[in-house]
Structures are given as structure tokens and as C-alpha cells.
Amino acid sequence: LVGCFFSFSYILTETRETWGPFVLGLFEEVAAGTIFYFAEPTPWQLHLLIELLETSDADAGFVWLDSTMNEPELQPLQGREGPAVLLAVKQ
């Protein structure tokens, strides 16, 4: 898959941690530059996603697009104003 954009809204929360193999498999199939947009009610699932991708062979870059976007020292925390939003880009 080349030049794709995938949007996940509350999917990680709703699938209750069964999403790992699906996301890893999808990440392996797409081309570099593919963008993944994740929006979840709280950031803890997104922190798990970052950890999963960083410990796999996946090469990804991450950008927080939520209320912590301009405050990197708050990004590892669980608090947000509104939903947690993360952009992942396959390198």
C-alpha cells in the first residue's frame, strides 16, 4: 500500500487490547510515509501503541496532536484536555 492514510477513532479502546497484531500487520504491509491517525479518550492505549511499535521492527515517528502538542514534558503523562490524539508515520 503506497501513500495511505489510516484513521483510528476509539478503535484501540473498543477492541480492548486485541488490536496489537492487527496494527503491527498493517504497519508491516504499508510503504514508508504512510500516516496513521489515532484518537482515543485517554492516552494510555496510545502509550502502549508507541511501546509496541518501538519494540518491534517497525520504524515509526510519532507526533502528539492533542493538548500536549506544544508541551513535550506533558506527553508521557495521562492527563489531556479532550481526547488523546497521536500521529504515527512509517519511516
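Refer to the structure presented above.
Residues numbered from 1 in each chain as written. Predicted model: local features only at pLDDT ≥ 70, side-chain atom pairs only at ≥ 80, totals over all residues. Heavy atoms only, no water.

A word on the nonpolar core
Formed by 19 residues in total, the largest nonpolar core has its most connected members in Leu12, Phe36, Phe38, Leu46 and Leu49. Elements that contribute at least two residues to this core include exactly strand S1 (5–9), helix H2 (20–29), strand S2 (35–40), helix H3 (44–55) and strand S4 (84–90). With residues up to four places along the chain from it excluded, the contact list for Phe36 reads Phe6, Phe8, Leu26, Phe27, Val30, Leu86, Leu87 and Ala88. (Core = buried A, V, L, I, M, F, W, Y, C linked by side-chain atoms within 4.5 Å. Buried < 20%, exposed > 50% of the residue type's maximum accessible area, 1.4 Å probe, protein only. Helix = DSSP H or I, 4+ residues; strand = E, 2+ residues; numbered from the N terminus. Contact = heavy atoms within 4.5 Å.)

A few points about a nonpolar patch on the surface
Side chains of Val63, Leu65 and Met69 sit close together on the surface and give an oily, nonpolar patch of about 240 Å² of accessible area. Inspection of the secondary structure assignment puts Leu65 in the loop between strand S3 (60–64) and S4. A relative accessible area of 34% places Leu65 in the partly exposed class. (Patch = residues over 30% accessible without salt bridge, like charges linked within 9 Å, V, L, I, M, F, W, Y side chains within 5 Å. Areas by Shrake-Rupley, 256 points an atom, 1.4 Å probe, with all protein chains shown as cover. Salt bridge = Lys/Arg side-chain N within 4 Å of Asp/Glu carboxyl O.)

Observations regarding the pattern of salt bridges
The tally for this structure, following the rule as stated, stands at one salt bridge. Asp66 serves as the salt-bridge partner of Arg80, at 2.7 Å between the closest nitrogen and oxygen. Separated by 14 residues along the polypeptide, Arg80 in the loop between S3 and S4 and Asp66 in the loop between S3 and S4 bring together distant segments of the chain. We note that Arg80, like Asp66, is buried.

Structural notes on unusual backbone geometry
One non-glycine residue, Tyr10, adopts positive backbone phi at about 65 degrees. The topology assignment puts Tyr10 in the loop between S1 and helix H1 (11–14). Assessed through its relative accessible area of 34%, Tyr10 is described here as partly exposed.

A closer look at H2
When we look at burial in H2, the residues that qualify are Gly20, Val23, Leu24, Leu26 and Phe27. Within H2, the buried residues cover an arc of 165 degrees as seen down the axis, which keeps them to one side. Pointing more than 90 degrees away from the buried face of H2 are the exposed residues Pro21, Phe22, Glu28 and Glu29. Residues of H2 that are buried sit in contact with S1, H1, S2, H3, S3 and S4. (Arc of directions from axis to C-beta.)

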